[in-house]
Amino acid sequence: MMSTPAIGRVIAVLGPTNTGKTHLALERMLGHRSGMIGFPLRLLARENYDRIVRLKGKASVALLTGEEKIIPPHPRWFVCTVESMPLDRRVDFLAIDEIQLCADPDRGHVFTDRLLHARGESETMFLGAETIKPLIRRLVSRVEFITRPRFSQLSYQGQQKLTRLPARSAVVAFSAADVYALAELIRRQKGGAAVVLGALSPRTRNAQVGLYQAGEVDYLVATDAIGMGLNMDVDHVAFAALRKFDGRVPRSLESAEVAQIAGRAGRHMNDGTFGTTGDIGGIDPMIVEAVENHSFPPLKRLQWRNSDLRFTSVAALLASLNRLPDDPGLIRARDADDQLVLQALAADPEILARAAAPARVKLLWDVCQVPDFRKTLAEQHSRLLGVIFRHLTGPAEKLPGDWLDQQIKRLDRTDGDMDTLMTRIANIRTWTYVSHRADWLDDAVAWQERARGIEDRLSDALHERLTQRFVDRRTTMLTRKLKDNDVLASEVEKDGDVRVEGHFVGSLHGFQFRADHTEGASATRAVALAAHRALRPEIASRVSKVATEPDAAFRLDGQGLILWQNEPLARLTAGATALTPTVEILPSDLIDQAARELLHKRLDDWLDSHLRQVMAPIFAALAAPLPGAARGLAFQLGEGLGSVPRAGAEQQVTSLTDDARTALARLDVRLGRESIFLPRLLKPAAQALRGLLWAVHRNQTPFPPPPPGRIAVPVPQDRAPASFEAMGFRPLNSWAVRVDMLERFTAEVRRAARAGAFPVTPALAALLGLSPADAGPILQALGYLPEASETGPVYRAVRRRPAGRRRTADRMDSSPFAALRDFGRG
């Protein structure tokens, strides 16, 4: 057994993850007047420093890491990384976390040194895994062991496809490329994932974990960096690989390594599970058994490096570093980065010349311990540290401010991709470490603040890049709010854009929601559900507003849609007659039956009012107390939407009495030679509505009305002539003529025909707004046939007028009401 200090009580608290070991140590430390605890990671030290500050205040707690030092004037407790523990300070209580790292090939020698030499005056506590117990018993005198059982169960769940992993899962891979690929797939399928890599700065890593802990994402993709120091609410750990590159060769994970990572699942009293993703097969049953039962082979040897160094010369320093341990439970650690740098610099004659005195040798060793956060080639890191040592051994014995400014300034930029930002962060962390060597530079505090500010900005930028790439923040936020049944803050902008919790999710048109394009089924579902829930108050408000709006708030478009605020609410559908269409509310999942009925009633009322306003003459005629023949004529006008060919109503016209004619005249019914019509229904607005009502009643696509002011328009071959008739235009061969102007035109034609054959003069054709050639087909449709003449074509009447027609005309001539006079008179 090696000789160890015999100061106070020494306790080893051992057990698997999630046993409350760290909590116990902090409780014990704060119960002493003074204390010190060493953590394996800077972020763990910072996390627990913040926790103690909240309990005891800043004045009582110091933080010491390689890159950060916060030391109040009279601290009682020190929270440190293991490497940064000020072991020359006497404290009542001292603890080392994750003591099994004594076996780590890279840093193990530091933990072994603390195990052998670091003690509190009253109490010392080592925290870690059971695997180190035999070696602690062998190496440490009078140690007490406390075994802590895991608070929750950890069980193997086998293989699962990545897309079927449960929420609150961590997926583990062992390369940045694999982590990125897995996170991208989860973003598409599940909305997003937080990302944790060893290369991330503590600030970025904490921000990514914060995304996960806050529930903004339900998945985390990480390297084995999550195996230590990250306390998260993980329910399941899925291994996407079971082999890793350990810095020298690829190898399979050992059972203890699987346990350390899988142990992140299940926190406090919540059980956890672990398994693999579906494409790598399962975990060896023997490893599964070991993990579930927390039973692992004990460590055989701990890494050791002599800490009793000699600084008489560089050669003496190297020799002391190469000393072999005396105990077979210890093995000399492989050359660490600082020793490799020292060996490289020792080959430089100038460096050796500058390190001629013990103080300079000690300074050289301090410089060699500047960490290589960049993980560059040893030669590059050695070259940088050589420059630093030359400056420190120069005339000023300080780092030149302009040189340091040049090194740092080039890193103060946040452009570039994720890898570029990670490289800059690694570089600035080196200078953050250097800035905490107050004896190396002037105004150390200012350099510390500058370097930390740059690191923070770069870390925030990297966090933002990672989040932009691997997190669909809209989907994850909406999913979380829906799951928690939270109230969703929504906003509908003037243009109809809908934002829920600040995210654009689609647009609202009337009562119809059009979702924004999404990637993946879960995103589509989240957007739709969130929009529907968030829009409930807006929809209720809109329904209430529509129900109380004045008639002027609504209008009918050319396709039969009823618009409100220029957005469609309903469409017209065929009713019993063309004048009585029905209202059909447009489909919408946002309105319930009660709201639908309320909307229906309001729009029914508006439509009735609108039809009675625009089609007032026809409704007046239908409602008037007319005698038999006149009533029949009014009914025909109703079916014709305001005009009918006279030929089809001749019987009713001949049966009219003088009183009936008088009544019709008061209703502004015109009895023409060609048509019976209501003049007010030949205005553009009425024409458009007439054409729409005709099309709706026949379930046809509405045709646009003739341009305002047009008297004659061409009749396309693919359009039903009856659609023109419905708008007050008489189809005549290839033309349709407005019925009122048709009366004037035929009157002039009859006058010209009294002298026999007549030409179509420009003045006659101008009544229809046509050329003489275009007016010819219309004359033929009216019964006038063309003949050849020396001056051109002339037309002669060939149709015979029914006998009753003349009698009717005569009776109209004798009527005292000019409005009923035959348009052919005069």
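On a predicted model such as this, the values are computed, not experimentally measured, just so you know.

Peer 1: Please explain the overall build of the protein as it appears in this structure.
Peer 2: Along the backbone of the protein there are 30 helices and 34 strands. Radius of gyration (C-alpha) of the protein: 47 Å, far over the 28 Å computed for a compact globule of 826 residues. For the protein, the C-alpha atoms occupy an extent of roughly 140 × 55 × 50 Å along the three principal directions. The buried share among the 826 residues of the protein stands at 52%. When contacts within the protein are restricted to residue pairs at least 6 apart in sequence, long-range pairs at least 24 apart make up 67% of them. Of the roughly 37100 Å² that the protein leaves accessible, carbon and sulfur atoms contribute 51%. With 110 positive and 97 negative side-chain charges, the protein shows a spacing of 4 Å between the two charge centroids.

Peer 1: Help me understand the pairing of strand β32 (residues 735-738) in this model?
Peer 2: Both faces of the sheet carry side chains from a regular strand, because those side chains alternate between them. Of the two faces of β32, the one carrying Trp735 and Val737 and the one carrying Ala736 and Arg738 are both buried. Two strands pair when backbone bridges link them, and strand β30 (residues 712-714) and β32 are joined in this way by three bridges, in the antiparallel orientation. Along β32, the bridge assignment pairs Ala712 with Val737. Pairing of strand β31 (residues 729-732) with β32, which is carried by four bridges, proceeds in the antiparallel orientation. Within β32, the residue paired with Pro731 across the bridge is Ala736. Connecting the antiparallel pair β31 and β32 is a turn made up of two residues, with Asn733 showing a positive phi of about 55°.

Peer 1: I keep staring at the side chain of Glu725 and nothing clicks. Help me out?
Peer 2: If you trace the backbone, Glu725 turns up in helix α26 (residues 721-726). Within the structure, the side chain of Glu725 is placed 3.2 Å from the side chain of Arg730, a separation counted as a polar contact.

Peer 1: Whenever I open this one, helix α7 (residues 255-262) confuses me. Can you help?
Peer 2: When you tally the buried positions in α7, you get six out of eight residues, the bulk of the element. Buried residues belonging to α7 abut β9 (154-160), β10 (169-172), β13 (236-239), β16 (272-277) and α8 (285-293).

Peer 1: Please explain the packing of aromatic side chains as it appears in this structure.
Peer 2: Where two aromatic rings form a pair, the distance of their centres and the angle of their planes describe that pair. Following the criterion strictly, the structure yields six aromatic pairs and no others. Ring centres of Tyr180 and Phe470 lie 5.6 Å apart, and the angle between their planes is 25°; this geometry places the pair in the stacked category. On the criterion of sequence distance, the pair formed by Tyr180 in helix α5 (residues 176-190) and Phe470 in helix α16 (residues 444-470) is long-range, its members being 290 residues apart. The class for Phe470 is buried, based on a relative accessible area of 0%. Considering the side-chain rings of Phe554 and Trp606, the 6.1 Å spacing of their centres and the 55° angle between planes classify their relative orientation as tilted. On the criterion of sequence distance, the pair formed by Phe554 in strand β23 (residues 554-556) and Trp606 in helix α20 (residues 593-614) is long-range, its members being 52 residues apart. Residue Phe554 shares its accessibility class with Trp606, and that shared class is buried. Through a chain of ring-to-ring contacts, the aromatic side chains of Phe758, Tyr784 and Tyr795 assemble into a single cluster. Directly above the ring of Phe145 sits Lys133, whose terminal nitrogen or CZ lies 5.2 Å from the centroid.

Peer 1: Just to check I follow, could you spell out the pairing of strand β22 (residues 512-515) for this structure?
Peer 2: Two elements, strand β21 (residues 503-509) and β22, share four bridges in a ladder whose sense is antiparallel. Paired with Leu508 across the bridge in β22 is Phe513. The loop that links β21 with its antiparallel partner β22 comprises two residues; one of these, Gly510, has a positive phi angle of about 65°.

Peer 1: What is the right way to look at the packing of α7 against α8 in this model?
Peer 2: Pairs of packed helices are described in terms of their axes, by the angle between the two and the distance that separates them. At a closest axis distance of 9 Å, the pairing of α7 and α8 adopts a crossing angle of 55°. The orientation of α7 with respect to α8, classified from their angle, is oblique. Of the two possible hands of crossing, α7 and α8 adopt the one that is right-handed. Across the interface between the two elements, Ser255, Val258 and Ala259 from α7 touch Ile287, Ala290 and Val291 from α8.

Peer 1: What is the right way to look at the packing of helix α9 (residues 314-321) against helix α12 (residues 358-368) in this model?
Peer 2: Remark: α9 packs on α12, axes separated minimally by 9 Å, with the N-to-C direction vectors making an angle of 50°. The angle between α9 and α12 falls in the class oblique. The two elements α9 and α12 meet at a crossing, and its hand is right-handed. Together, Val314, Leu317 and Leu321 of α9 and Val361, Leu364 and Trp365 of α12 make up the contact between the two elements. When grouped by side-chain class, the residues that make up the contact of α9 with α12 number six nonpolar, no polar and no charged.

Peer 1: Is there a simple way to think about the sheet that holds strand β25 (residues 567-573) in this case?
Peer 2: Within a beta sheet, neighbouring strands are joined by backbone hydrogen bonds and run either parallel or antiparallel to one another. If you trace the four strands from one edge of the open sheet to the other, you get β23-β24-β25-β26, paired in antiparallel fashion. In the strand order of this sheet, the two ends are held by β23 and β26 (582-585), each with one partner. Shown here is a sheet whose adjacent strand axes are inclined to one another by a mean of 30°, direction ignored. Sheet topology note: the strand β24 (residues 561-564)/β25 ladder contains four bridges and is antiparallel. Within β25, the position partnered with Leu563 by the bridge is Pro568.

Peer 1: Would you take a moment to explain the environment of Tyr49 for this structure?
Peer 2: Relative to the helices and strands, Tyr49 resides in helix α2 (residues 42-56). On the accessibility criterion, Tyr49 (4% relative accessible area) is buried. Separated by 295 residues in sequence, Tyr49 and Ala344 have C-alpha atoms that sit 37 Å apart. Contacts of Tyr49, omitting those with residues within four sequence positions, involve Lys58, Val61, Ala62, Leu63, Ile70 and Val79.

Peer 1: Is there a simple way to think about the pattern of salt bridges in this case?
Peer 2: Two side chains with opposite charge may pair up if their charged atoms get near one another. Applying the stated criterion to the full structure yields 51 salt bridges. Its salt-bridge partner being Glu350, residue Arg354 comes within 3.1 Å of it at the nearest N-O pair. Taken as a pair, Arg354 and Glu350 lie in helix α11 (residues 349-354) at a separation of four residues, close to a single helical turn. On the basis of relative accessibility, which here comes to 25%, the residue Arg354 falls in the partly exposed class. Measuring nitrogen to oxygen at the nearest pair gives 2.8 Å for the salt bridge that ties Arg796 to Glu787. Overall, Arg796 belongs to the partly exposed group, its relative accessible area being 36%.

Peer 1: Explain α2 to me, please; I cannot follow it from the model alone.
Peer 2: Three or four residues apart is the spacing at which side chains of an α-helix point the same way, because the helix has 3.6 residues per turn. Between its first and last C-alpha, α2 extends 21 Å over 15 residues, near the 21 Å set by a 1.5 Å rise per residue. Regarding α2, the residues found buried are Arg42, Leu43, Leu44, Ala45, Asn48, Tyr49, Ile52 and Val53.

Peer 1: So what exactly am I meant to see when it comes to the sheet that holds strand β27 (residues 643-645) here?
Peer 2: The strand order across the open sheet formed by three strands is β27-β29-β28, and the pairing between neighbours is antiparallel. The sheet is open, and its two borders are formed by β27 and β28 (670-671), each paired with just one other strand. Relative to strand β29 (residues 675-677), β28 runs antiparallel, the two being bridged by two bridges. Its bridge partner being in β29, Arg670 is matched across the sheet by Phe677. The strands touched by helix α27 (residues 739-753) are β27 and β29; relative to β29, the strand with the most contacts, the crossing angle is about 140°.

Calculation notes
What you see as residue numbers is a count from 1 along each chain, following the sequence as written. Reporting of local features is limited, given that this is a predicted model, to residues whose pLDDT is at least 70; pairs of side-chain atoms are given and counted only at 80 or more, and all residues count toward the totals for whole chains, interfaces and linings. Hydrogens and water molecules were not included; the side-chain quantities draw on all heavy atoms of the structure. A helix here means a DSSP run of H or I that spans at least four residues, while a strand means a run of E at least two residues long, and both kinds are numbered starting from the N terminus. The reference for a compact globule is 2.2 Å times residues^0.38; the radius of gyration itself is calculated from the C-alpha atoms. Only protein chains enter the area calculation, which uses a 1.4 Å probe; residues under 20% of their type maximum are buried, those over 50% are exposed, and those in between are partly exposed. Only heavy atoms matter for contacts: two residues are in contact if any of them lie within 4.5 Å across the pair. Throughout, the Shrake-Rupley method with a 1.4 Å probe supplies accessible areas, and for residues the shown protein chains are the sole cover considered. A positive count includes Lys and Arg, and a negative count includes Asp and Glu. His and the chain ends are not counted in either. Charged groups are reduced to one reference atom each: NZ for lysine, CZ for arginine, CG for aspartic acid, CD for glutamic acid. DSSP bridges decide pairing: two strands pair if at least two such bridges lie between them. Pairs of N or O atoms are called polar contacts if they sit within 3.5 Å, as long as, within protein, a hydrogen donor faces a hydrogen acceptor (for residues adjacent in sequence, only side-chain-to-side-chain pairs). When two rings of Phe, Tyr or Trp (its six-membered ring) have centres within 6.5 Å they constitute a pair, described as stacked for plane angles under 30 degrees, edge-to-face for angles over 60, and tilted for the intermediate range. Comment: the charge-over-ring label is applied if NZ (Lys) or CZ (Arg) is within 6 Å of the ring centre and within 35 degrees of the ring normal. Angles shown run from 0 to 180 degrees and are taken between the N-to-C directions of axes, each axis being a line fitted to C-alpha atoms and, for helices, limited to the stretch in contact. Under this scheme an angle from 65 to 115 degrees is roughly perpendicular, one under 35 degrees roughly parallel, and one over 145 degrees roughly antiparallel; angles in between are oblique. Crossing handedness is defined as follows: a turn of the near helix away from the far one that is anticlockwise and smaller than a right angle gives a left-handed crossing, while the clockwise case is right-handed. Only Asp, Glu, Lys and Arg are considered charged in this grouping, and only Ala, Val, Leu, Ile, Met, Phe, Trp, Tyr, Cys and Pro are considered nonpolar; every other residue, Gly among them, is considered polar. What counts as a salt bridge is simple: a side-chain nitrogen of Lys or Arg found within 4 Å of a carboxyl oxygen of Asp or Glu. For a helix, the expected span equals 1.5 Å multiplied by the number of residues minus one.

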